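What follows is each chain in one-letter form.
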Amino acid sequence: MRPIKFRGKSLNTGEWFYGALATFPGCQAAHIIPCGTCKGKEVNCCFVEVNPYTVGQFTGCINYDGQEIYEDDVVLLKDGRTGIVQFQENLYEFLADFHHIDPEMKILGNIHDNPRYNR
């Protein structure tokens, strides 16, 4: 079973945070609870407000460099094509070609930090 985690870009600092996703009814904001902030029985979690547009889920795949592959990552395939990782029909796939996620993909960045790839 793959770990369920998300990433999002802080509204305050522009820094990326990784962990659990928290949303609240009636609130359009999204929050990431960074991994490792909740310790044992003490519930003392840090909530980081993130831009909801930048929230992406971990695909469960790690590439050859040990980098986690997330939704909205821009990737380079072995054959030289680039594309965007998207969730399609219950699977994470390489947008437009419907290639399955390949651990040999190189992560070039993501659509939020690379305006060239932004939709």
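As the structure is a prediction and not an experimental result, all values here were calculated from the model. (Residues numbered from 1 in each chain as written. Predicted model: local features only at pLDDT ≥ 70, side-chain atom pairs only at ≥ 80, totals over all residues. Heavy atoms only, no water.)

Our focus in this paragraph is the overall build of the chain. Within the chain, the regular secondary structure consists of 0 helices and 11 strands. Reading the helices (α) and strands (β) of the chain from amino to carboxyl end gives β-β-β-β-β-β-β-β-β-β-β. The 119 residues of the chain split such that 39% are buried. Of the roughly 7300 Å² of accessible surface on the chain, a fraction of 53% belongs to carbon and sulfur atoms. (Helix = DSSP H or I, 4+ residues; strand = E, 2+ residues; numbered from the N terminus. Buried < 20%, exposed > 50% of the residue type's maximum accessible area, 1.4 Å probe, protein only. Areas by Shrake-Rupley, 256 points an atom, 1.4 Å probe, with all protein chains shown as cover.)

A pair can form between side chains of opposite charge whenever their charged atoms are brought close. One pass over the structure, following the stated rule, counts 5 salt bridges. For the salt bridge of K9 with D113, the shortest nitrogen-to-oxygen distance reads 2.5 Å. Of the two residues, K9 is situated in strand β1 (residues 6-9) and D113 in the segment after β11 (106-110); the sequence distance between them amounts to 104 residues. Between R81 and D79 there is a salt bridge, with the nearest N and O atoms lying 2.8 Å from each other. Judged by its relative accessible area of 28%, R81 is partly exposed. The exposure class assigned to D79 is exposed, which follows from its relative accessible area of 51%. (Salt bridge = Lys/Arg side-chain N within 4 Å of Asp/Glu carboxyl O.)

The next point concerns the packing of aromatic side chains. If you walk through the whole model with that rule in mind, you get 3 aromatic pairs. The interplanar angle of 65° and the centroid separation of 5.5 Å between the aromatic rings of Y18 and Y70 together place this pair among those described as edge-to-face. Of this pair, Y18 sits in strand β2 (residues 16-23) while Y70 sits in strand β6 (residues 68-70), and the two are 52 residues apart along the sequence. A residue is classified by how much of its surface remains accessible, and Y18, at 35% relative accessible area, is partly exposed. Overall, the relative accessible area of 1% leaves Y70 in the buried class. Among the aromatic residues, those joined into a cluster by ring pairs are Y18, F58 and Y70. One Lys or Arg, K5, reaches over the ring of F58 and ends 5.4 Å from the middle of that ring. (Phe/Tyr/Trp six-rings, centres within 6.5 Å; stacked < 30°, edge-to-face > 60°. Lys NZ or Arg CZ within 6 Å of the ring centre and 35° of its normal.)

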